[in-house]
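Structure assessment
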Amino acid sequence: MTSFVEYASPRHPDIKKLLLSSHQLMKDLYPEETNSYLSINELCSPNIHFFGARKNQKYYGCGALDVKPNYGELKSLFVEPNARGNGMASLIMRKVLFTCKKLNLKTLKLETGVGLDNAMSLYKRFEFETCEPFGNYLKNGYSIFMKKDLP
């Protein structure tokens, strides 16, 4: 069966499990003070467009678009490890980019971590380029900042 990406709630049990797995991975890989993931409650705020990727009625991936005054920021892109490699992350990215277009956002930015090679491959496939820290981010030796200018 085909995977679908749709608006979803960060509080859905499948998605909550994904988010908590993602948060734990970040805690395992990086010092706490360098982690910038949003809590489940923060992902429910009105400026967030939250998406779930499902197959056979179960969510296996998620991602969010945080709408800022002058750009969008990709947050919480995560796919369950046993569901990786089937294009689900690309589907989520396309949905985020489509939403950026609908909202007339001119730039999509993101922060990712050193060593997240699969994530970096995805971002490079979608033509993101490294950039300086943005928003409230600071250089910390663990973060990589990227952006994509949108037509």
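You'll find the structure just up there.
Below or above, wherever it landed, is the structure these notes cover.

Thresholds applied
Residues numbered from 1 in each chain as written. Predicted model: local features only at pLDDT ≥ 70, side-chain atom pairs only at ≥ 80, totals over all residues. Heavy atoms only, no water. Salt bridge = Lys/Arg side-chain N within 4 Å of Asp/Glu carboxyl O. Helix = DSSP H or I, 4+ residues; strand = E, 2+ residues; numbered from the N terminus. Buried < 20%, exposed > 50% of the residue type's maximum accessible area, 1.4 Å probe, protein only. Lys, Arg positive; Asp, Glu negative; His and termini not counted. Contact = heavy atoms within 4.5 Å. Phe/Tyr/Trp six-rings, centres within 6.5 Å; stacked < 30°, edge-to-face > 60°. Lys NZ or Arg CZ within 6 Å of the ring centre and 35° of its normal.

Attention shifts here to the pattern of salt bridges. Following the criterion strictly, the structure yields 6 salt bridges and no others. One salt bridge in this structure joins Glu 6 and Arg 54, with 2.7 Å as the shortest N-O distance. In this pair, Glu 6 sits in strand E1 (residues 4–7) while Arg 54 sits in strand E2 (residues 48–55), placing the two residues 48 residues apart along the sequence. The partner of Glu 132 in a salt bridge is Lys 139, and the shortest N-O contact between them spans 3.5 Å. With respect to burial, Glu 132 and Lys 139 carry one shared label: exposed.

Among the secondary structure elements, Lys 109 is positioned in strand E5 (residues 107–113). There is no salt bridge for the buried Lys 109, and the closest opposite charge comes from Asp 149, which lies 7.7 Å off by N-O distance. Other than its neighbours up to four places away in sequence, Lys 109 contacts Tyr 71, Gly 72, Glu 73, Leu 74, Phe 134, Met 146 and Lys 147.

The tally for this structure, following the rule as stated, stands at 7 aromatic pairs. Between Tyr 30 and Tyr 142, the aromatic rings sit 6.1 Å apart at their centres with planes inclined by 70°, giving edge-to-face as the arrangement. One end of the pair, Tyr 30, is in the loop between helix H1 (13–29) and E2; the other, Tyr 142, is in the loop between strand E6 (129–130) and strand E7 (143–149), and 112 residues separate them in sequence. Relative to Phe 128, the ring of Tyr 123 has its centre 5.9 Å away and its plane inclined at 65°; by these criteria the two rings are edge-to-face. Each residue in the set Tyr 71, Phe 134, Tyr 137 and Phe 145 is aromatic and connected to the rest through ring pairs, giving one cluster. Here the guanidinium or amino end of Lys 58 rests over the ring plane of Tyr 60, the centre of that ring lying 4.6 Å away. The ring of Tyr 71 is capped by Lys 109, whose NZ or CZ atom sits 4.5 Å from the centre of that ring.

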